[in-house]
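A structural walkthrough
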Amino acid sequence: MADRTIKPDDTHDLVLQNNHGSSKIEINENDTVVVTSGTAITLDATTSVELNADNGYVYMKDAGVTFLTVYFDGTDTLITGP
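Figured I'd write up the structure that's included with this text. Predicted, not measured: the structure shown is a model, and the values here were computed from it. (Residues numbered from 1 in each chain as written. Predicted model: local features only at pLDDT ≥ 70, side-chain atom pairs only at ≥ 80, totals over all residues. Heavy atoms only, no water.)

Quick word on the environment of V33
Tracing the backbone shows V33 in strand β3 (residues 33–36). Taking C-alpha positions, V33 is 9.8 Å from V15, a pair spaced 18 residues apart along the chain. Contacts of V33, omitting those with residues within four sequence positions, involve I25, E26 and I27. (Helix = DSSP H or I, 4+ residues; strand = E, 2+ residues; numbered from the N terminus. Contact = heavy atoms within 4.5 Å.)

Description of the sheet that holds strand β2 (residues 24–27)
One open sheet holds the 3 strands; their spatial order is β1-β2-β3, and the pairing between them is antiparallel. Among the strands making up the open sheet, the edge pair consists of β1 (14–17) and β3. Strand-to-strand twist of the sheet, defined as the mean angle between neighbouring strand axes without regard to direction, takes the value 10 degrees. Relative to β3, β2 runs antiparallel, the two sharing 4 bridges. (Pairing = 2+ DSSP bridges. Axes fitted to C-alpha atoms, helices over the stretch in contact; angles between N-to-C directions.)

Description of a nonpolar patch on the surface
Together, L14, L16, I25, I27, V33, V35, I41, L43 and V49 make up an exposed nonpolar region whose accessible area comes to about 790 Å². Every element with two or more residues in the nonpolar patch is listed here: β1, β2 and β3. Tracing the sequence through the fold places I41 in the loop between β3 and β4 (57–62). (Patch = residues over 30% accessible without salt bridge, like charges linked within 9 Å, V, L, I, M, F, W, Y side chains within 5 Å. Areas by Shrake-Rupley, 256 points an atom, 1.4 Å probe, with all protein chains shown as cover. Salt bridge = Lys/Arg side-chain N within 4 Å of Asp/Glu carboxyl O.)

Concerning the side chain of E26
Within the secondary structure, E26 sits in strand β2. Ignoring sequence-local partners within four residues, the contact set of E26 consists of D13, L14, V15, T32, V33 and V34.

Let's talk about the pairing of strand β5 (residues 65–72)
Across 6 bridges, β4 lies against β5 in antiparallel orientation. Looking at the pairing, M60 lines up with L68 of β5. Across 4 bridges, β5 lies against strand β6 (residues 77–80) in antiparallel orientation. Across the sheet, F72 pairs through a bridge with T77, a residue of β6. Count of turn residues in the β5/β6 antiparallel hairpin: 4 residues, of which G74 carries a positive phi of about 105 degrees.

Next up, the structure:
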């Protein structure tokens, strides 16, 4: 197998792209990780999948519109919708 190199693109974002499809993982200058897929994204782990937000908020969105918010204030968990 040949060696592989991952380099920043011309905007200095770190990009890992599938050259045979539309899937892409990008880490931009704001330390935001963006995963782009032509179909679905699967997170698969043998033990657990963890979402860790130090401010207590986790948002689920569709086309940029929040449809579910989960908030933990250190004692109680609040789940809200639109």
